[in-house]
Amino acid sequence: MPNELQSQPFDRRAFLRRMTRGLFGVIGAGAIGFSFWDRKGPEGESQSSAGVLPDFSIPSLAGRMSVAHGDHRGRMVREAVGALGGMAAFIRPGDRVLLKVNAAFAAPPAIGATSHPELVAQVVRMCREAGAAKVLVTDNPINDPGSCFTLSGISAAAHAEGAEIVLPDQDLFEPYSIPGATLIRHWPVLTAPLRRVDKVIGLAPVKDHHRSGASMTIKNWYGLLGGRRNIFHQQIHTIISELALLIKPTLVILDGTLSMMHNGPTGGSFDDLKATRTLIAGTDPVAVDTRGAELLGKTIEDLPHLRMAGDLLSR
Amino acid sequence: MRILTTRRISQLFFFLLFIWLCVVATLGERWWQLRGWPINWFLQLDPLIGLSVLLSTHTVYAGLIWGVVTVALTFVLGRFFCGWVCPFGSVQQVMGYLGGRGMTFARRIQRNQPHPAQRVKYYILLFLLATASAGLLQWMLDTSQPGILRTILLVSVGALALTIIFKHLRNGRRAALVITLVIAAAGVILHLTQAQPLTASLQTGLLDPIALIYRSVTLVLLPLVDSPVKIVSETPRIYPSAGLIGLLFLLFLLLSLRIPRFYCRFICPLGALFGLLSRWSIWRIGQKTDGCTDCTRCEQACEGACAPAGKIRTSECVLCLNCLDECGHGVMTYHTQLSARGEQIIPDLDRRHVVAAMVGGLAAVPILRLDGHASANWRPDVIRPPGALREDAFLTRCIKCGQCMRVCPSNVIHPAGLQSGLEGLWTPLLHFRIGSSGCQHNCVACSQVCPTAALRPLSVDERMGRGRFASTGPLRIGMAFIDRGRCLPWAMDTPCIVCQENCPVSPKAIFTRTLFQPVRNSVRTVQTVAADSLVLEKGDLQPEQYGTGDYFCRIGDLRPVPIITNTHQKLILSVKDDLPALDRISGRTIDILIRLQQPYIDPHQCIGCGVCEHECPVQGRRAVRVSAENESRTRAHKLTLS
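Fair warning: this is a prediction, and the values are worked out from it, not measured in the lab.

Scoring rules and cut-offs
Residues numbered from 1 in each chain as written. Chains lettered and ligands numbered in written order. Predicted model: local features only at pLDDT ≥ 70, side-chain atom pairs only at ≥ 80, totals over all residues. Heavy atoms only, no water. Helix = DSSP H or I, 4+ residues; strand = E, 2+ residues; numbered from the N terminus. Rg over C-alpha atoms; globule rule 2.2 N^0.38 Å. Buried < 20%, exposed > 50% of the residue type's maximum accessible area, 1.4 Å probe, protein only. Contact = heavy atoms within 4.5 Å. Phe/Tyr/Trp six-rings, centres within 6.5 Å; stacked < 30°, edge-to-face > 60°. Lys NZ or Arg CZ within 6 Å of the ring centre and 35° of its normal. Domains from an automatic or database assignment. Buried area = accessible area lost by both parts, 1.4 Å probe. Salt bridge = Lys/Arg side-chain N within 4 Å of Asp/Glu carboxyl O. Polar contact = N/O pair within 3.5 Å; in protein donor to acceptor, adjacent residues only side chain to side chain. Nonpolar A, V, L, I, M, F, W, Y, C, P; charged D, E, K, R; others polar. Patch = residues over 30% accessible without salt bridge, like charges linked within 9 Å, V, L, I, M, F, W, Y side chains within 5 Å. Areas by Shrake-Rupley, 256 points an atom, 1.4 Å probe, with all protein chains shown as cover. Core = buried A, V, L, I, M, F, W, Y, C linked by side-chain atoms within 4.5 Å.

Regarding its fold elements, chain B presents 24 helices and 15 strands. For chain B, whose C-alpha radius of gyration is 33 Å, the value lies well above the compact-globule estimate of 26 Å for 642 residues. If you line up chain B on its principal axes, its C-alpha atoms span 125 × 65 × 40 Å. Split into buried and exposed, the 642 residues of chain B put 55% on the buried side. In chain B, the proportion of contacts linking residues at least 24 apart, taken out of those at least 6 apart, comes to 75%.

Below you can see the structure in the form of structure tokens.
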């Protein structure tokens, strides 16, 4: 393009041409300016929340619970779920199932701080036998997620049975509000895997928890929260009771084969574990946890969140 | 196949191999993750790292012995590493090609002419080696070490090297004599007095091209490329000082657009080392006896700016072999003879500059150490990864390559800014606010990958204090302290203890003491007493305010009664026995207590892993923070007696 203008005769044609270009320039600048014009300025943080999560429970099976005793998790879970009508009562052929395990810590399975891989494998197998099209396994752990799923043995167990591990990628969270809740308001929740499935099964070990008294199937949903969720410890019982509102699971399985009696929820030593030889399956997490509290030698008086969760659910 | 095609294939192969080794330095179980891949191979092939670790520690650690192979090949082939292997060299060569497109023949010749500043890299090399050399010098002068023969051998090799360097300098012979005498005299004095005025510090990694490209790729490029695709890391990696590393890398790339292989020609200390070694190389580039028409086609494509058309500067030749390809007369060749137009085998160095670089290097470290960071003024905020040696020994080994930061599964190891002094720039330190958790206490990945044993290799047993190490106890990298002015239960009457919950050791290093604290402005007058509730005179409570399970009602000298919930005017209590009658409550007043568990640190259990600091909900400046007190690597930092 020439960057010097030659002297040219300035006639009517040249004048019109220049007028036209000028006019286009004015219109163009105006159009661009107006189309990007922001009259209000930026707003504060958005307060939008995603749509309510579905209810995964099966009404006809409400309020059921069964207890199995022994040392072999795989056999106990078959017995316990069998007593409730078998996995086929919960899972329809073609269902997509989410297992919410406890993979909170990068610790080996023997420490008992995470869901036992043997149990995970057996539950995945039972879901597959009942015809589940897909089984997802997820958690948003406290330690590094990749390390947690690997070291806890859950990753290998799930893969061996054909389930898929969903790591808590930031894109899978969305701001979520529980209707009627006070704490879970516009809070990042791991909803994406929940929206991709038809059934949800919770799988938790029985563990001591210094702040709340115990960590069982309801506390296990804490692993669906994102963000700096630790601030909720200021009102631990309230948040746990709201977790009971967050998820209406198809089934929960509480593993008390070994219970972490103290130093929870991390443990770290075999001395922290006691062979309580019990596995509880049920459709009412409050009932299951109330039964599980006995394994820790605790009552509902020691665990206000159970009473509060019961109140919230019956409202 | 043309020789240039072979060279390009070699460069591409080694570049892709390098990138591959950067990608597989990921902790995990899949085949493309860390499972015996030789991720440090390029660092180990780099003889400058091996040599400087030898100088600073008088040892050649493990895989660094690979450097001998490179040196041996350089004696035979010349600077093959620069032209055929070095990934940073290849990147620069591509940039130089891009920058030279569309340039005239004359302009291309001009930008490939030798420049006096090409000497600078030799001074940089000598300076960096001198900063490291005190380690070997000190060791040779140490009378407590046996082996006088070894000392004599090392002294002779050193004197020979110095003599050879000085032989080629102007007025060098006399200077060599003077310097040898001065060093000998100083040696005798130091030997007799056992004084230790010199200190070694390994600063080679600042400018070593292999450390530089490892750092730039693993801490800058890989996180940038990976953050949208999330293959090597689920969460985007953060490295606080990566900005400077990335900008320097960008700067050197842009400079090589203008001058091909800018870094290789002017800065690269490894290139300088190869330049000095290639003095003895058996094969080298040069001209056959006749046929040269001075067309200078060879010089328009010369990567090393070594003037192949004239008296070739052998030390600058990076063996790109472009001259062989360009020469239309078949004059340029790779042979064992002397080039027809002569060779300048040693760079034209100035005696004063050489002396200045070496003396400067020797003097720089004691000057830097005046900050006391490696002694009395140690920084409590510098938490080194597990396995780190004592600070002074650590600084004689760390090459700032970033491998520990790359491999850390929780992204908790970061390149230092100036926290540990100028000397510690880009050395690894732990930063618990960032990353996906604290330092996982059963992980030893960083100590295993460190190419120079600045982090000595640990076993999981040693880290955890199990098995053979049960008596020494777990390795501590620091200790956590509660900041009672920021901690919620300590300062704000608010329950929390997330730190206690997450403490990974058993028994926990964080324990709590429970107390009942009166809630501010909570004294109320009771109107009536029912079976399980109190009705207050004033209805000014917020409904369910005290329904969190943490509140208790204090009625006279009774044990505090748990509050189930409340309405505007009524407190519903969890009662086992009957409540006292109204007239038994003195003054008819009650107040409300909150049950708090206040965290304490047990210094005998804490290993400084920082999980508590990472999880602390006081997000800005954490209310529990790890400090370097009690770290195992320095006995002098011990805080507890047992």
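So, on to the packing of aromatic side chains. All chains considered together, the criterion is met by 22 aromatic pairs over all chains. Between the aromatic rings of phenylalanine 18 of chain B and phenylalanine 42 of chain B, the centroid separation amounts to 5.7 Å while the plane-to-plane angle is 85 degrees, which identifies the pairing as edge-to-face. With phenylalanine 18 of chain B in helix α1 (residues 3-23) and phenylalanine 42 of chain B in helix α2 (residues 41-45), this residue pair connects regions lying 24 residues apart in the sequence. The class for phenylalanine 42 of chain B is buried, based on a relative accessible area of 0%. A network of ring pairs unites the aromatic residues Phe13, Phe14, Phe18, Trp41, Phe42, Trp66 and Tyr214 of chain B as a single cluster. Sitting over the face of the ring of tyrosine 222 of chain A, lysine 219 of chain A holds its NZ or CZ atom 4.3 Å from the ring centroid. Across from the ring centre of tyrosine 600 of chain B, 4.4 Å away, lies the NZ or CZ of arginine 513 of chain B, which sits over that ring.

Moving on, we get to the environment of phenylalanine 90 of chain A. All names here are of chain A. Structurally, the position occupied by phenylalanine 90 is in the loop between α2 (73-83) and β2 (96-100). Considering only alpha carbons, one finds phenylalanine 90 and leucine 151, 61 residues apart in sequence, at a separation of 30 Å. Sequence-distant contacts of phenylalanine 90, that is, excluding residues within four places in its chain, are made with Ile58, Leu61, Val81, Leu84, Asp95, Lys199, Thr250, Leu251 and Thr283.

Residue glycine 264 of chain A is joined to proline 265 of chain A through a cis peptide bond whose omega torsion reads 0 degrees. Inspection of the secondary structure puts proline 265 of chain A in the loop between β9 (251-260) and β10 (273-282). The omega angle of the peptide bond from serine 506 of chain B to proline 507 of chain B is -5 degrees, so this bond is cis rather than trans. One non-glycine residue with positive phi stands out, namely glutamate 544 of chain B, at about 65 degrees.

Turning to the domain arrangement of chain B, a few remarks are in order. Residue and element names in this part refer to chain B. According to the domain assignment, chain B consists of domain 1 (3-273), domain 2 (284-344), domain 3 (391-470) and domain 4 (514-599). Taken over C-alpha atoms, the centre of domain 1 sits 22 Å from the centre of domain 3. Facing 39 residues of domain 1, the contacting portion of domain 3 comprises 34 residues. Summing both partners gives a buried area of about 3000 Å² for domain 1 against domain 3, and 61% of it is carried by carbon and sulfur. Our count for the contact surface shared by domain 1 and domain 3 stands at zero salt bridges. Where domain 1 packs against domain 3, one counts 22 residue pairs in polar contact (both at pLDDT 80 or more). Sorting the residues of the side of domain 1 that touches domain 3 by element identifies α1, α3 (47-57), α11 (209-229) and α12 (242-258) as the ones contributing at least two each. When residues in the side of domain 1 that touches domain 3 are grouped by element, the largest group, six residues, is from α11. Among the residues making up the side of domain 1 that touches domain 3, the classes are represented as 26 nonpolar, 11 polar and two charged.

Turning our attention to a nonpolar patch on the surface. Residue and element names in this part refer to chain B. Taken together, the side chains of Val94, Tyr97, Leu98, Leu247, Leu250, Leu254 and Leu257 present a nonpolar region at the surface, about 660 Å² in accessible area. For the nonpolar patch, the secondary-structure elements that each account for two or more residues are α6 (87-100) and α12. No other element matches the four residues that α12 contributes to the nonpolar patch. Overall, the relative accessible area of 56% leaves tyrosine 97 in the exposed class.

This part takes up the side chain of serine 533 of chain B. Residue and element names in this part refer to chain B. Assignment of secondary structure puts serine 533 in strand β10 (residues 533-536). Using a relative accessible area of 4% as the deciding quantity, one classes serine 533 as buried. When neighbours within four sequence positions are excluded, serine 533 is seen to be in contact with Thr528, Lys570, Leu571, Ile572, Leu573 and Leu579.

All names here are of chain B. In terms of nonpolar packing, the biggest core is built from 88 residues, with Phe42, Leu43, Phe81, Phe88, Ile210 and Ile285 touching the most fellow members. Among the elements that make up this core, the one with the highest residue count is helix α8 (residues 120-141) (11 residues). Residue contacts for isoleucine 210: discarding those within four places in its chain leaves Phe42, Leu43, Asp46, Phe81, Cys86, Pro87 and Leu270. One finds Ala388, Phe432, Met479 and Cys496 within the second-largest nonpolar core, a separate group that totals 55 residues.

Counting from both sides, the interface comprises 39 residues of chain A and, opposite them, 40 residues of chain B. Remark: the boundary between chain A and chain B carries three salt bridges. Linking arginine 211 of chain A and aspartate 550 of chain B is a salt bridge whose minimum nitrogen-to-oxygen distance equals 3.0 Å. Where chain A meets chain B, there are 21 residue pairs in polar contact (both at pLDDT 80 or more). Sorting the residues of the side of chain A that touches chain B by element identifies α4 (145-151), α7 (236-246) and α9 (304-314) of chain A as the ones contributing at least two each. Per element, the largest residue contribution to the side of chain A that touches chain B is four residues, and it comes from α4 of chain A. Residues belonging to the side of chain A that touches chain B are distributed by class as follows: 12 nonpolar, 17 polar and 10 charged.

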